[in-house]
Amino acid sequence: MKNPTTQTTLVQASFGALLLTGLLFSPAQAQKPTLTLDLSKSGAAVSPMLYGLMTEEINHSYDGGLYAELIRNRTFKDDPTTPEGWSLVQDKAGSKASIKLIAATQDNVPYDERRHAINDALTTCLRLTVEKADGRVGVANEGYWGIPVKPATTYQASFYLKGTGSIPPPRQRPGQPAPPAGPVIEDNTAGPMQVTIESNDGKTVYATGTVNLEKSIYWKKYNVALTTGANVKPTKDARFVISTDRPGLYYFNLVSLFPPTFNNRPNGNRPDLTQMMLDMKPAFLRFPGGNYLEGPLLTDAFPWKTTLGPLESRPGHRGSWGYRASDGMGLMEFLLWCEEIKAEPLLGVYAGYSLNGDHVDAGPLLKPYVEDALDEIEYVMGDVTTYWGAKRAADGHPAPFKLRYVEIGNEDWFDRSNSYDGRFNQFRTAIEQKYPQLHCISTIADAQFPSQKVTTGKAPELLDEHYYRNAWDMWQNAAQYDAYDRNGPKIFVGEWATREGVPTTNLNAALGDAAWMTGMERNADLVVMSCYAPLFVNVNTATATAKKAWQWDSDLIGYDALNSYGSPSYYVQKMFSEYLGNQIVPTTAANIPMRPRPMTRRDSTEGRTPKPVPSLFYAATKDDKTGAVYLKLVNTLGTKQPIDINLQGITKLEPSATMVVLKGNKPEDTNSITEPKKIVPATAKIKRVAPRFTRTLDPYSVTVLELQPRQ
């Protein structure tokens, strides 16, 4: 992901790659486009890791997204002065009550109030002061743009709670007048506390439960299950409330509400979003970022060690996109996420550079960061006899996780000090010495940043390239990998997307994505891994009490508290991953139609005419076990496009084939929360398939043909 504070334009790939592929033809040519697939030759192997997923905490991807926790600001640290997401509940005007944050680190908090910290992680709590209770009084949480309510569903609520009497007066400082005493309140807190999921106006209760608050000065954790009725109408216009009918001081911390999770894993993930990822059949998951790995300052890097163990020991940390991370999605949760979607972990380790420009030079000062990365790798894949392997086992996973790829840093081309060469080599040397089986990835790609690339030591084995472009740029550069040096490093396209559509992509972006993916697939011996970004976006706009949920436009999967949907680009990703062979089929093209590219402001300023770009894109792979051939075709035009398909080296084909088509009426068409299935693939059987046949492509379409040889 780009630095959120920098609008640096990523490198523009060359149009010359198109010339080398034989794709460039005169617009005046009218012959029918022809593709010739040579099945008599064994093409290069397709990387089995070609299509994966990339994730980071952006657009409320974790908190308010995949991570199933429903309570926003559950440890009251999101804002130092205001209990964001929380409000006072008073059913009757005769009550007298208030809420206030109590932070153990605030200088103006009386000494006796500071004892309300539970531990070093849970240092801030919410105090409900009830001087008079005329009916119900309590605290409400609005969730992440609503609490989702579904019928016949059981939610698991938990929270730390204690009740006391009067507020202790602040201690008198030497030479200062005595501070005023707080109100004297009868301590009548012990007794039942009502816990509800209810409508925002409190008039409809969807689920209710009770806990019995004990009379004690010590914190205690309370648990209660809340089950909705079978006839409840689904809604996200709901809140979570804990209430009392007695005066006193009530202190709350680590308030949690979990719906059912994928596979019912404790502290787990949303089932709908997890299933959508599982359906994509990703080979790997790149985590924890992205900019989320680095953080704004050196002290804000992803603190993997404090994300381990029980939630009570996780303090959370400052995120990179304007909101705080709860760290409920910790290192173990990332690894379990990989298991759930059947993907390998691709671990990004912090390499001593932060988003605001600070860095640590290679040498003794960088050594602690290198050692921290080695500890992290040991936690992931170490034997239980190792220190961190034993920690992983204690966290519930004795078996090591499979790990083959480690990325050293993220987008270190933003480091203008040019320190990455030394930092990369120091990390790589230490990692390969201890784990020679691991593959280390450089975040600076030679083709994109030749003046900043790693030049000392052996050449990096893998380079991470990032591209965020519009559809025209994707079409223009779809063939760039055709011209790459096969003797150089392998390529990991660790972040890429066609950025059109808000907040998720539209059909035109999907056509840009599909064209780009044909180029990666034709070169899947060189491009060994790729992953779209960003993966998730909470689509809620700003409200009176909450900011807009997303920071980055044109995302893959959209959702609110209750529903989710895939963008057109999501379905392109799914189609390409599902229909993929293990060998590249050598393919040549003739008569590919070209289209003029609109002039940009820069073109006008520099007095140049933009070169035309192809309007038809293709890639073909083969399964060497079944013989199945997967041909992918992209028509970016608003008219139908007939194309001749010639399969050489094969004499017989099954006369019918499977065809999957994604299409729309206009490039601006898209999916949304209200229209989640407007643009989705349709699967059909086509007939009269032979070694030579003609197929007419729909306007604005992505087509996959699965061709089967006849035995």
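Scroll up to find the structure.
Report on the accompanying structure.

Cut-off values and rules
All chains use their own residue numbering, which begins from 1 and follows the written sequence. The model is predicted, so local features are restricted to residues of pLDDT at least 70 and side-chain atom pairs to those at 80 or more, both for listing and for counting; the totals for chains, interfaces and linings are taken over all residues. With hydrogens and water excluded, all non-hydrogen atoms of the structure serve as input to the side-chain values. When DSSP finds two or more bridges between a pair of strands, those strands are recorded as paired. Counting from the N terminus, the helices are DSSP H or I runs at least four residues long and the strands are E runs at least two residues long. Every axis in this analysis is a line fitted to C-alpha atoms, fitted for helices over the stretch in contact. Angles between the N-to-C directions lie between 0 and 180 degrees. Exposure is judged per residue with a 1.4 Å probe applied to protein chains only, and the accessible area is read against the type maximum: over 50% gives exposed, under 20% gives buried, and values in between give partly exposed. When the strands point away from the viewer, a crossover counts as right-handed if the path from the first strand over the helix to the second runs clockwise. In the analysis that follows, any N or O atom pair within 3.5 Å is treated as a polar contact, provided that within protein one partner can donate a hydrogen and the other can accept it, and provided that, for residues neighboring in sequence, both atoms belong to side chains. Throughout, a contact is declared for two residues whenever any of their heavy atoms are within 4.5 Å. Here is the rule: rings of Phe, Tyr and Trp (six-membered ring for Trp) pair when centre to centre is within 6.5 Å. Planes less than 30 degrees apart are stacked, more than 60 are edge-to-face, and the remainder are tilted. We place a 1 Å grid over just the protein atoms. Points where a 1.4 Å probe fits but has no way out form a cavity, open points with protein on both sides within 12 Å along at least 5 of 7 lines form a pocket, and any residue with an atom within 4 Å of a point lines it. Grid points are joined across faces, edges and corners, and a volume is the space filled by probe spheres set on the points. Note that Gly is not counted as nonpolar here; it falls among the polar residues with everything else outside the nonpolar set of Ala, Val, Leu, Ile, Met, Phe, Trp, Tyr, Cys and Pro and the charged set of Asp, Glu, Lys and Arg. Grouping buried Ala, Val, Leu, Ile, Met, Phe, Trp, Tyr and Cys residues that are joined through side-chain atoms within 4.5 Å yields what is termed a nonpolar core. Should the near helix be turned anticlockwise from the far one by less than a right angle, the crossing is termed left-handed; should it be turned clockwise, right-handed.

### Regarding the sheet that holds strand E20 (residues 490-498)
The pairing of strands in a sheet happens through backbone hydrogen bonds and is either parallel or antiparallel.
Moving on, step 1. The eight strands lie next to each other as E2-E13-E16-E17-E18-E19-E20-E21, forming a closed barrel whose pairing is parallel. Here the average twist between neighbouring strands, direction ignored, is 30°.

### Some thoughts on the pairing of strand E19 (residues 462-469)
Moving on, step 1. Of all eight residues in E19, eight are buried; the element is thus mostly enclosed.
Moving on, step 2. Side chains of E19 alternate between two faces, with Leu462, Asp464, His466 and Tyr468 and Leu463, Glu465, Tyr467 and Arg469 buried alike.
Moving on, step 3. Relative to E19, strand E18 (residues 439-442) runs parallel, the two sharing two bridges. Within E19, the residue paired with isoleucine 441 across the bridge is leucine 462.
Moving on, step 4. Looking at chain direction, E19 and E20 are connected through seven bridges and run parallel. The residue of E20 that forms the bridge with histidine 466 is glutamate 495.
Moving on, step 5. With helix H9 (residues 471-477) bridging E19 and its parallel neighbour E20, the resulting β-α-β unit is right-handed.

### Some points on the side chain of lysine 162
Moving on, step 1. Assignment of secondary structure puts lysine 162 in strand E7 (residues 154-164).
Moving on, step 2. A relative accessible area of 2% places lysine 162 in the buried class.
Moving on, step 3. Side chain to side chain, lysine 162 and histidine 116 meet in a polar contact 2.8 Å long.
Moving on, step 4. For lysine 162, the residues in contact, after removing those within four places along its chain, are Arg115, His116, Leu213, Ser216, Ile217, Tyr218, Trp219, Leu249, Tyr250 and Tyr251.

### Focus: the packing of aromatic side chains
Moving on, step 1. Tallied over the entire structure, the rule returns 28 aromatic pairs.
Moving on, step 2. On the basis of an interplanar angle of 75° and a centroid distance of 5.9 Å, the ring pair of phenylalanine 302 and phenylalanine 334 is categorised as edge-to-face. Taken together, the positions of phenylalanine 302 in the loop between helix H4 (291-294) and strand E14 (317-318) and phenylalanine 334 in helix H5 (residues 331-340) put the pair 32 residues apart, joining distant regions of the chain.
Moving on, step 3. Counting every residue linked through ring pairs, the aromatic cluster contains Tyr62, Phe287, Tyr292, Phe302, Phe334 and Trp337.

### Some points on the layout of surface pockets
Moving on, step 1. Put simply, the second largest pocket is a space of about 430 Å³.
Moving on, step 2. Lining of the second largest pocket is provided by 28 residues; of these, His60, Asp78, Glu84, Tyr323 and Arg324 occupy positions nearest its centre.
Moving on, step 3. Each residue belonging to the lining of the second largest pocket can be placed in one class, and the counts come to ten nonpolar, seven polar and eleven charged.

### Quick look at the nonpolar core
Moving on, step 1. Counting 138 residues, the largest nonpolar core has Trp337, Tyr481 and Met529 as the members making the most contacts within it.
Moving on, step 2. For this core, the element with the most residues is helix H10 (residues 507-522), which contributes eight residues.
Moving on, step 3. Those residues in contact with tyrosine 481, other than ones at most four positions away along the chain, are Glu465, Tyr467, Arg486, Ile491, Val493, Trp516, Met520, Asn523, Leu526 and Val527.
Moving on, step 4. Grouped together as the second largest cluster of nonpolar side chains are 35 residues, Val195, Tyr222, Val224 and Phe240 included.

### Focus: the packing of helix H6 (residues 367-381) against helix H8 (residues 420-434)
Moving on, step 1. At a minimum axis separation of 10 Å, H6 and H8 run at an interaxial angle of 35°. Note that H6 runs across H8; the crossing there is right-handed. Residues Lys367, Tyr369, Val370, Ala373, Leu374, Ile377 and Glu378 of H6 lie in contact with H8, whose contacting residues are Gln426, Phe427, Ala430, Ile431 and Lys434.
Moving on, step 2. Here the contact of H6 with H8 is built from residues that sort into eight nonpolar, one polar and three charged.

### Digging into the sheet that holds strand E29 (residues 616-622)
Moving on, step 1. Taken in spatial order, the six strands line up as E25-E29-E30-E35-E32-E33 in an open sheet, and their pairing is antiparallel. The sheet is open, and its two edges are formed by strand E25 (583-584) and strand E33 (682-686), each paired on a single side.
Moving on, step 2. Here helix H11 (residues 568-578) sits on the sheet and contacts strand E30 (629-635), strand E32 (657-663) and strand E35 (701-707); the angle it forms with E32, its principal contact strand, is near 160°.

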